[in-house]
Amino acid sequence: MRTDGLNFDNIPPLSIPYGFFATAPLFGVLAGLVLLFQPQALTARWDPAALALVHLLTLGFAAQIMLGALCQVMPVVSSQPIPLSRTQALLVRGCISLGTVLLSLTFLFPGPILFSLTLAAFVIGFGLFISRLIQALIKIRPAGHTLVSIRLAAFCLLITLIAGVILLWWRSSPQTAPLAPILNTDQHALWGIQGWGLLLVVGVSFQVIPMFHVAPDFPARVQRWLPGALMLSLLLGTVLDGSAAIALMALSKLLVLGYCALASRHLRQRRRKLLDYTVRFWQLALGCIALSMVVNLATLGWPELPNRLPLAELSAILFGFGGLLAVIFGMLQKIVPFLLYLHLQRQCLTQPEKLLTLPNMKQLISTARSKRQWWLHCTALCGLLIALWLPLLTPLAALLLIADFVWLGWTLHQAFALYRQHLN
Ligand code: HEM
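Cut-offs applied
Residues numbered from 1 in each chain as written. Predicted model: local features only at pLDDT ≥ 70, side-chain atom pairs only at ≥ 80, totals over all residues. Heavy atoms only, no water. Helix = DSSP H or I, 4+ residues; strand = E, 2+ residues; numbered from the N terminus. Buried < 20%, exposed > 50% of the residue type's maximum accessible area, 1.4 Å probe, protein only. Contact = heavy atoms within 4.5 Å. Donors = N, O, S within 2.8 Å, 3.2 Å for Na, K, Ca; no water. Tetrahedral: all angles 85-135°; square planar, octahedral: opposite > 155°, others 65-115°. Domains from an automatic or database assignment. Buried area = accessible area lost by both parts, 1.4 Å probe. Salt bridge = Lys/Arg side-chain N within 4 Å of Asp/Glu carboxyl O. Polar contact = N/O pair within 3.5 Å; in protein donor to acceptor, adjacent residues only side chain to side chain. Phe/Tyr/Trp six-rings, centres within 6.5 Å; stacked < 30°, edge-to-face > 60°. Expected span 1.5 Å × (residues − 1). Bend = angle between axes of the 7 residues up to and from the residue. pLDDT = per-residue confidence, 0-100. Near = heavy atom within 4 Å. Axes fitted to C-alpha atoms, helices over the stretch in contact; angles between N-to-C directions. Left-handed = near helix turned anticlockwise from the far one by under 90°. Nonpolar A, V, L, I, M, F, W, Y, C, P; charged D, E, K, R; others polar.

Draft legend 1. The arrangement of the side chain of S205 in detail. Within the secondary structure layout, S205 lies in helix 6 (residues 185–213). Among the residues examined, S205 registers a relative accessible area of 0% and is labelled buried. Setting aside chain neighbours within four positions, we find S205 in contact with P210, F218, Y259 and W282.

This is the structure we're talking about:
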């Protein structure tokens, strides 16, 4: 592993990132249960269960892991921790978890009371986190390329959240909504997934692909321009309309395709060639994101195609489940053992003889475990894709989804149990 330029002095207490990581899989299981009992959620876009499913995965699972990872990554890449105490982190986690459950209920039972409770939970949870993140980000000068991406991603998250709240206000209590939605649903989704989600993945990949896999650094020009170009095309694509917007959207899809090709090449050029399921997850993710861009480009070129084929759903599953979630699953196989080992090592500063008895990273999460996770994720992905054409199979896909998240949760739990065993 390459750790040059990284700083491990200011890392947060383990309970902060780990708390987010341990809570998140529960929301994946909840999403699977929603799909099991409401199978129409896979294809009926405006069905309340579909919207609940989307947010259990994006906010409950993906956003919580990303917030946990940010707490860990920020001090390592910039020496500047996010100033959150354990109690505040717990409050953020509790409010976002509660807010996600309430949001799902609001989709199912729209009304002003549930809406107000959802709003309160998100304002406290995200408000506290984002204000602390901004506090940390403005202190860092000069910002490296990963941090520029994180800044842009944080901006996209803010826009997504504000747009989401206004959309929800209109959905659940239109007579009291103070202003018209600033972004329509497609734009809200785009800022959330291709803005916040993708920019974070791109920025973090600049750091972690060379670091964990001893691969060459991404070209400095790509690191400097790509996040800004993605952000600009998203911004202009939102404010412009007509053929200019379509051209910009197409350009952003081509940029993402180029990024996928480049990142795949860097992974192939890695010097650490051992069997590694994080690499496999990256390869799966890059392949799926590229495929979803091709689907999007086809839809931009032939707008009548989605009337004949479920292309929007296909692209969402490829990008979301096959892409972003695969990156998260893969990164957890690496970050969690690394984190636990780092904290165990720190405990040994006063008792160096204990160093010899510490489990290594491969014992904390074994290759066999990661391999099972990889197969479960691929099987669940295939299940979801097949169910798009054979809806009768949706309950089976839901069970595979649940198995995927249960295995992740169990793996994290086992790794933590081994860590606890070696603490004293
Ligand atoms: C990272 C954060 C978020 C992401 C990635 C995200 C993603 C999405 C996606 C992909 C859709 C479209 C679903 C579809 O077309 O089937 C959607 C719709 C929606 N989201 Fe979010 N969302 C986020 C946060 C929020 C928040 C915090 C709220 C409200 C408090 C919210 C409220 C809504 C509403 C109301 C809709 C449906 C809009 C309509 O009825 O037209 N979202 N979101």
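Draft legend 2. Fine view of the coordination of the iron atom of the ligand. Summarising the metal site, the iron atom of the ligand is bound by the protein donors H55 (NE2) and H188 (NE2), whose distances to it range over 2.0 Å. The site at the iron atom of the ligand holds six donor atoms, and with the angles between them running 87 to 179 degrees, its shape is octahedral. In this pair, H55 is assigned in helix 2 (residues 48–78) and H188 in helix 6, connecting sequence segments 133 residues apart. The pair formed by H55 and H188 is uniform in burial state, with each residue classed as buried.

Draft legend 3. Representation of the domain arrangement of the chain. By domain assignment, the chain separates into domain 1 (1–141), domain 2 (146–272) and domain 3 (274–424). Here domain 2 and domain 3 have C-alpha centroids that lie 20 Å from each other. Contact residues are listed per partner, giving 25 residues for domain 2 and 21 residues for domain 3. For the pair domain 2 and domain 3, the two sides together bury roughly 2100 Å², of which 83% comes from carbon and sulfur. By the criterion of area lost to domain 3, the three top residues of domain 2 are F212, K253 and R272, representing 25% of everything that side buries. In this assembly, domain 2 and domain 3 are joined by zero salt bridges. Applying the counting rule to domain 2 against domain 3 returns zero residue pairs in polar contact (both at pLDDT 80 or more).

Draft legend 4. Local environment of the packing of aromatic side chains. In this structure the tally under the stated criterion is 15 aromatic pairs. With 5.9 Å between their ring centres and 85 degrees between their planes, F212 and F338 make a pair best called edge-to-face. Separated by 126 residues along the polypeptide, F212 in helix 6 and F338 in helix 11 (residues 311–347) bring together distant segments of the chain. Of the two residues, F212 and F338, both sit in the buried class. Note on F416 and Y419: the rings are 5.5 Å apart at their centroids and 25 degrees apart in plane angle, and the pair reads as stacked. Residue F416 and its partner Y419 are both found in helix 14 (residues 394–421); the two are separated by three residues, about one turn of the helix. Looking at Y419, the relative accessible area reads 7%, which means it is buried. An aromatic cluster is defined as three or more aromatic residues linked by ring pairs; in this entry it consists of F61, Y277, F281, F329, W374, W375 and F405.

Draft legend 5. Summary view of helix 11. Its 37 residues place the ends of helix 11 52 Å apart at the C-alpha level, agreeing with the 54 Å of an ideal helix rising 1.5 Å per residue. Along helix 11, the sharpest change in direction is near 35 degrees and occurs at A326. Where burial is concerned, most of helix 11 is hidden: 31 out of the 37 residues are buried.

Draft legend 6. Representation of the confidence of the model for the chain within the structure. Summing up the model confidence of the chain, the mean pLDDT is 90 and the portion of residues at 70 or higher is 97%. Between the elements of the chain, mean pLDDT differs from a low of 80, seen in helix 10 (residues 305–308), to a high of 97, seen in helix 13 (residues 367–389).

Draft legend 7. Main features of the site of the ligand. Neighbouring residues of the ligand: 23 residues in total, closest R45, H55, R171, T185 and H188. Separating an oxygen atom of the ligand from a side-chain N or O atom of R171 is a distance of 2.5 Å. Elements with a minimum of two residues in the shell around the ligand: helix 2, helix 3 (86–108), helix 5 (145–172) and helix 6. Ranked by the residues each element gives to the shell around the ligand, the list is headed by helix 5, at eight residues. Of the domains in this structure, domain 1 (1–141) and domain 2 (146–272) are the two that each give at least three residues to the shell around the ligand.

Draft legend 8. Structural detail: the packing of helix 3 against helix 4 (residues 112–139). Orientation of helix 3 relative to helix 4, taken along the N-to-C sense of each, is 145 degrees, at an axis distance of 8 Å. Our pair here, helix 3 against helix 4, has a crossing hand that is left-handed. Here Q88, L91, V92, C95, I96, G99, T100, L102, L103, L105 and T106 of helix 3 come into contact with helix 4, specifically with L114, F115, L117, T118, A121, F122, I124, G125, F126, L128, F129 and R132. When its residues are assigned to classes, the contact of helix 3 with helix 4 shows 16 nonpolar, six polar and one charged.

Draft legend 9. Inspection of unusual backbone geometry at higher detail. With phi around 50 degrees, V214 is a residue other than glycine that occupies positive phi space. As for its position among the elements, V214 is in the loop between helix 6 and helix 7 (220–239). For V214, a relative accessible area of 15% corresponds to the buried category.

Draft legend 10. Structural detail: the pattern of salt bridges. Overall, the coordinates contain two salt bridges when judged by the stated rule. With its nearest N and O atoms 2.6 Å apart, the salt bridge here joins D186 to R45. Taken together, the residues span a long stretch of sequence, with D186 in helix 6 and R45 in the loop between helix 1 (15–37) and helix 2 at a distance of 141 residues. Take D186: its relative accessible area is 47%, and that puts it in the partly exposed class. For K334, the salt bridge goes to D276, with nearest N and O atoms at 2.8 Å. One end of the pair, K334, is in helix 11; the other, D276, is in the loop between helix 8 (243–268) and helix 9 (277–301), with 58 residues separating them in the sequence.

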